[in-house]
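Listed below are the residues making up each chain.
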Amino acid sequence: MASMFKALADPVRLRLLSRVASHPNGEACVCDIADVGVSQPTVSHHLKKLREAGLLTSERRGTWVYYRPAPGILASLGEFLADTEKAGTEDLSLAAQVS
């Protein structure tokens, strides 16, 4: 999980993942998501980092590459964050009981 959140710590990568995940049909061509305020080579670099972190998968179709969230990854991230929030709430409850 740490490597995934490290990859998402960059605002451009977070924006790219969001655009891919919210795109119709759950996938996006690089040509549809490249307007994030950085050059095309930089977009490619960030997409590679998201793939390496296990957040995206890709498929080449002709001259274009299509990206989609890795299977189950968005649910896994959501569950992790929910568990972390729950653990934090439990820690606060325990602290209140001790005081």
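In this report, we go over the structure that sits alongside the text. (Residues numbered from 1 in each chain as written. Predicted model: local features only at pLDDT ≥ 70, side-chain atom pairs only at ≥ 80, totals over all residues. Heavy atoms only, no water.)

### With respect to the nonpolar core
(1) Moving on: Counting 22 residues, the largest nonpolar core has L16, L47, L50, L55, L56 and Y67 as its most contacted members.
(2) Moving on: Put simply, the parts of the chain that give this core at least two residues each are α1 (2–8), α2 (11–22), α3 (30–33), α4 (40–52), β3 (64–69) and α5 (73–98). (Core = buried A, V, L, I, M, F, W, Y, C linked by side-chain atoms within 4.5 Å. Buried < 20%, exposed > 50% of the residue type's maximum accessible area, 1.4 Å probe, protein only. Helix = DSSP H or I, 4+ residues; strand = E, 2+ residues; numbered from the N terminus.)

### Some points on the packing of aromatic side chains
Given two aromatic rings, their pairing is described by the distance between the two centres and the angle made by the two planes.
(1) Moving on: Applying the stated criterion across every chain, the model contains one aromatic pair.
(2) Moving on: Plain terms: the ring middles of F5 and F80 are 5.5 Å apart, the flat faces sit at 40 degrees to each other, and that makes the pair tilted. Residue F5 is located in helix α1, and its partner F80 is located in helix α5; the two are separated by 75 residues in the primary sequence.
(3) Moving on: Sitting over the face of the ring of Y66, R61 holds its NZ or CZ atom 4.3 Å from the ring centroid. (Phe/Tyr/Trp six-rings, centres within 6.5 Å; stacked < 30°, edge-to-face > 60°. Lys NZ or Arg CZ within 6 Å of the ring centre and 35° of its normal.)

### Looking at the packing of α2 against α4
(1) Moving on: In the contact formed by α2 and α4, the axes pass within 10 Å of each other and the chain directions differ by 75 degrees. On the basis of their axis angle, the class for α2 and α4 is roughly perpendicular. Packed against α2, whose contacting residues are V12, R13, L16 and L17, the element α4 presents V43, H45, H46, L47, K49 and L50 at the interface.
(2) Moving on: Class assignment of the residues belonging to the contact of α2 with α4 gives a composition of six nonpolar, two polar and two charged. (Axes fitted to C-alpha atoms, helices over the stretch in contact; angles between N-to-C directions. Parallel < 35°, antiparallel > 145°, perpendicular 65-115°, else oblique. Contact = heavy atoms within 4.5 Å. Nonpolar A, V, L, I, M, F, W, Y, C, P; charged D, E, K, R; others polar.)

### Some details on the sheet that holds strand β2 (residues 56–61)
(1) Moving on: With antiparallel pairing, the three strands of this open sheet are ordered in space as β1-β3-β2. Two strands bound the open sheet, and with one partner strand each, they are β1 (28–29) and β2.
(2) Moving on: With six bridges connecting them, β2 and β3 associate as antiparallel partners. Looking at β3, one finds that T57 is bridged to R68.
(3) Moving on: Contacting β1, β2 and β3, α2 runs over the sheet at an angle of about 90 degrees to β3.
(4) Moving on: Where α4 meets the sheet, it contacts β2 and β3, and its direction lies at approximately 125 degrees from that of β2. (Pairing = 2+ DSSP bridges.)

### Structural notes on the pattern of salt bridges
(1) Moving on: Going through the model one piece at a time under the given rule, you end up with six salt bridges.
(2) Moving on: With a closest N to O distance of 2.5 Å, E27 and R68 form a salt bridge. Taken together, the positions of E27 in the loop between α2 and β1 and R68 in strand β3 put the pair 41 residues apart, joining distant regions of the chain.
(3) Moving on: Close ionic contact of K49 with E52 constitutes a salt bridge, the shortest N to O distance being 3.8 Å. Taken together, the residues span about one helical turn, with K49 and E52 both in helix α4 at a distance of three residues.
(4) Moving on: Salt bridges sharing partners connect three or more residues here, namely E27, E59, R61 and R68. (Salt bridge = Lys/Arg side-chain N within 4 Å of Asp/Glu carboxyl O.)

### Regarding the environment of D35
(1) Moving on: By secondary structure assignment, the location of D35 is in the loop between α3 and α4.
(2) Moving on: It is 9.4 Å that separates the C-alpha atoms of D35 and L16, two residues lying 19 residues apart in sequence.

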